[in-house]
Amino acid sequence: MVVQDRRGGAVAAAVCGVGLAVGLLTTGCSPNGAAADDHSRSADGPVGGSAAGLPFTDRARPPGDRASDGPREASGPSAAGFPSGRTDYAAALRAGADALERAGTSRVRTEMETVSGGTRVAIRGSGGHDYRRRTGRLNVRLPDTGDGSGAQRTITEILTPSALYMKNRGAGVPAGKWVRVDTASLADGNLVTGGATDPMAAAELLRGVREVTYEGRERLDGVAVRHFSGTTDIGAAARAASAAVRPALTAAEKGFTTDVVPFDAYLDDAGRLRKVRQRFRFANGTTGGTSVTSTTTLYGFGAPVPVRLPDGDDIYTGKVAATGG
């Protein structure tokens, strides 16, 4: 998959003025390894009891089985959080965003790893998200760039369907001020710009699932999950997305030459997305381009997630430097 700006330039050129993940790629950052996966594969037997909580049975569909995009009659009973009746793996993944909305809120861990020209940068964040209000708050930790510009600096981000707010952004922004960016104006719809993918956007992106493979039963943070891999289509996801998220995904569809995004997703027995890893690639003026892997982990469902938007007087409206530092 090679993702480029349809307008002829790299996505990085369109977003680096306010971008975090992409901006860091231009600062000569030292390599920074990504955190190891925090899940482990279980034995072949059912995890946490029987497979009755799924809209299919593991016995009927063995690990590694690839599902088509068409509807399939479920072989077993379905849980409250899953689609019922005629369904398949893809249907369960497409319904993941709806399950999150029913859950209300959760805590969030994020990791975004970029690789460009042999340089690896990992940006990590943590916070919470409200899936009904479509708002969230993250603290995104910058890696050590080697020149001190990123070390010991944390950017606070407020996520909304229409805008991304960043505080402690640097790049000429006064201390204590916020930068506001319209997500629909970004070439990637804020799938990578902020250094973390909006959790609801990541879930809604799965509405465009093209094909999916059931990888097996695992445990994630002590919770029984089913692991799926496959590809999703940004354009299809944009057309199926909720009204709040659709503009951002539509922007992403227009900004990339290919809509295909490989993913790994983990659903619990209530159909809630517990973890999703999505892989993007775009040109960045370097041989081989830039690959971006965004991983979002959800836990602590029901935790309070208070989010207060910045006051107008606290939003910086001046020029922002073009690099991430």
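In this report, the structure presented in the accompanying data block is examined.

Turning our attention to helix α4 (residues 96-103). For α4, the set of buried residues is G96, A97, A99 and L100. An end-on view of α4 places all buried positions within 160° of arc, on one side of the element. After α4 finishes, the residue G104 shows a positive phi value of roughly 95°.

To continue, consider the pattern of salt bridges. All chains considered together, the criterion is met by 14 salt bridges. Between E204 and R134 there is a salt bridge, and its shortest N-O distance comes to 3.8 Å. On the criterion of sequence distance, the pair formed by E204 in helix α5 (residues 199-205) and R134 in the loop between β4 (119-130) and β5 (135-141) is long-range, its members being 70 residues apart. Here E204 falls in the buried class, since its relative accessible area comes to 0%. Connected through salt bridges with shared partners, the residues D98, E101, R134, E204 and R207 form a single ionic network.

Moving on: the nonpolar core. Within the largest apolar cluster, 53 residues are counted, with the highest numbers of intra-cluster contacts made by L93, L191, L206, V212, L249 and L273. The element that contributes the greatest number of residues to this core is α5, accounting for five residues. Beyond its immediate sequence surroundings of up to four residues, L93 is in contact with L206, V209, V212, F228, F263, A265 and L267.

For the rest of this paragraph, the subject is the side chain of T231. With respect to the helices and strands, the residue T231 is situated in strand β10 (residues 223-233). Looking at T231, the relative accessible area reads 16%, which means it is buried. In this view, T231 contacts V209, R210, E211, V260, V261, P262 and F263; residues no more than four positions away in its chain are not counted.

For the rest of this paragraph, the subject is the packing of aromatic side chains. Evaluated as defined, the whole model comprises three aromatic pairs. Residues Y89 and Y214 carry aromatic rings whose centres are separated by 5.5 Å and whose planes lie at 45° to one another, so their mutual orientation is tilted. Here Y214 lies in strand β9 (residues 209-220) and Y89 lies in helix α3 (residues 89-94), a separation of 125 residues in the sequence. Each member of the pair Y89 and Y214 is classed as buried. Their ring planes at 50° and their centres at 5.5 Å tell us that Y89 and F228 sit as a pair that is tilted. One end of the pair, Y89, is in helix α3; the other, F228, is in strand β10, and 139 residues separate them in sequence. Both residues of the pair, Y89 and F228, count as buried. Of the aromatic side chains, those joined through ring pairs into one cluster are Y89, Y214 and F228. In this arrangement the basic side chain of R109 is found over the ring face of Y299, its NZ or CZ atom lying 4.9 Å from the centre. The ring of F301 carries the charged tip of R272 above its face, separated from the ring centre by 4.4 Å.

The residue R134 is not glycine, and still its phi comes out positive at about 60°. By relative accessible area, R134 is classed as buried at 10%. Unusually for a residue other than glycine, D221 sits at a positive phi of about 55°. Of note, D221 is situated in the loop between β9 and β10. Judged by its relative accessible area of 41%, D221 is partly exposed.

Criteria and thresholds
- Residues numbered from 1 in each chain as written.
- Predicted model: local features only at pLDDT ≥ 70, side-chain atom pairs only at ≥ 80, totals over all residues.
- Heavy atoms only, no water.
- Buried < 20%, exposed > 50% of the residue type's maximum accessible area, 1.4 Å probe, protein only.
- Helix = DSSP H or I, 4+ residues; strand = E, 2+ residues; numbered from the N terminus.
- Arc of directions from axis to C-beta.
- Salt bridge = Lys/Arg side-chain N within 4 Å of Asp/Glu carboxyl O.
- Core = buried A, V, L, I, M, F, W, Y, C linked by side-chain atoms within 4.5 Å.
- Contact = heavy atoms within 4.5 Å.
- Phe/Tyr/Trp six-rings, centres within 6.5 Å; stacked < 30°, edge-to-face > 60°.
- Lys NZ or Arg CZ within 6 Å of the ring centre and 35° of its normal.

These figures come from the coordinates and say nothing about function on their own.
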